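Per-entry structural report
Below are the chains, spelled out letter by letter.
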Amino acid sequence: ATERFCKRHITLVLAMEEREGEAAREQVAEVQSELGGNFCNVLATYHPPDRYNEIAGKASNYRFALEVVSQQIANHELKYLDGSVIDERNIVVHVADGDSLYDPNHFPVVTYDYCTKLDRDYLVWQPCMLPTCNFWEIAPCVRQFGIMISSQEMLSATGWGEFQIP
């Protein structure tokens, strides 16, 4: 069910840096080849260097990607597989690093929550981040700090549904 959901509803946007050159384009081609069939759309944006008042990095890449995709949606260039236009009033944006792993039910559950809650425009759905991908390669003090932050996030949950271990 999750695969069908992603294929019908999720656009994957890769926010790259133009200054990475051919390496970034190769990385995008690899992701598109490997994952393209699993999503409604797979897009790449390339943040140009030296934009006025911006510092190169993840935040500026994200901001630029959001500008590009917002413009595509406003111009009705970005569509669902059935050809219908994407309504800018019903979009949930997820931001993640390339090595992030999500529970298979994360996106359908967030979408259900978004569709059923009246205060949806004032909510943020942020999964707890657990540093597990390169856990044993990072310095022990950084590892310990990551565990403390993750623990604090879990302890901060105020409702039964805010944090669940699958």
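Source: prediction; values computed, not measured.

**Describing the pairing of strand E2 (residues 41-47)**
Across the 7 residues of E2, 6 count as buried, placing the element largely inside the fold. Direction of pairing for strand E1 (residues 11-17) relative to E2: parallel, over a ladder of 7 bridges. Looking across to E2, one finds that Glu17 is bridged to His47.

**Some words on the environment of Met129**
Summarising the element assignment, Met129 is placed in the loop between helix H4 (106-116) and helix H5 (140-156). Residue contacts for Met129: discarding those within four places in its chain leaves Ser150 and Glu153.

**Focus: unusual backbone geometry**
Non-glycine residue Asn53 carries a positive phi angle of around 65°. In this fold, Asn53 is placed in the loop between E2 and helix H3 (58-74). At His76, a position not held by glycine, the phi torsion is positive, near 60°.

**With respect to the side chain of Ser60**
Here Ser60 lies in helix H3. The class for Ser60 is buried, based on a relative accessible area of 6%. Among all residues touching Ser60, those that are not within four sequence positions of it are His47, Glu54 and Ile55.

The rules we used
- Residues numbered from 1 in each chain as written.
- Predicted model: local features only at pLDDT ≥ 70, side-chain atom pairs only at ≥ 80, totals over all residues.
- Heavy atoms only, no water.
- Buried < 20%, exposed > 50% of the residue type's maximum accessible area, 1.4 Å probe, protein only.
- Helix = DSSP H or I, 4+ residues; strand = E, 2+ residues; numbered from the N terminus.
- Pairing = 2+ DSSP bridges.
- Contact = heavy atoms within 4.5 Å.

In short, geometric facts, not functional conclusions.
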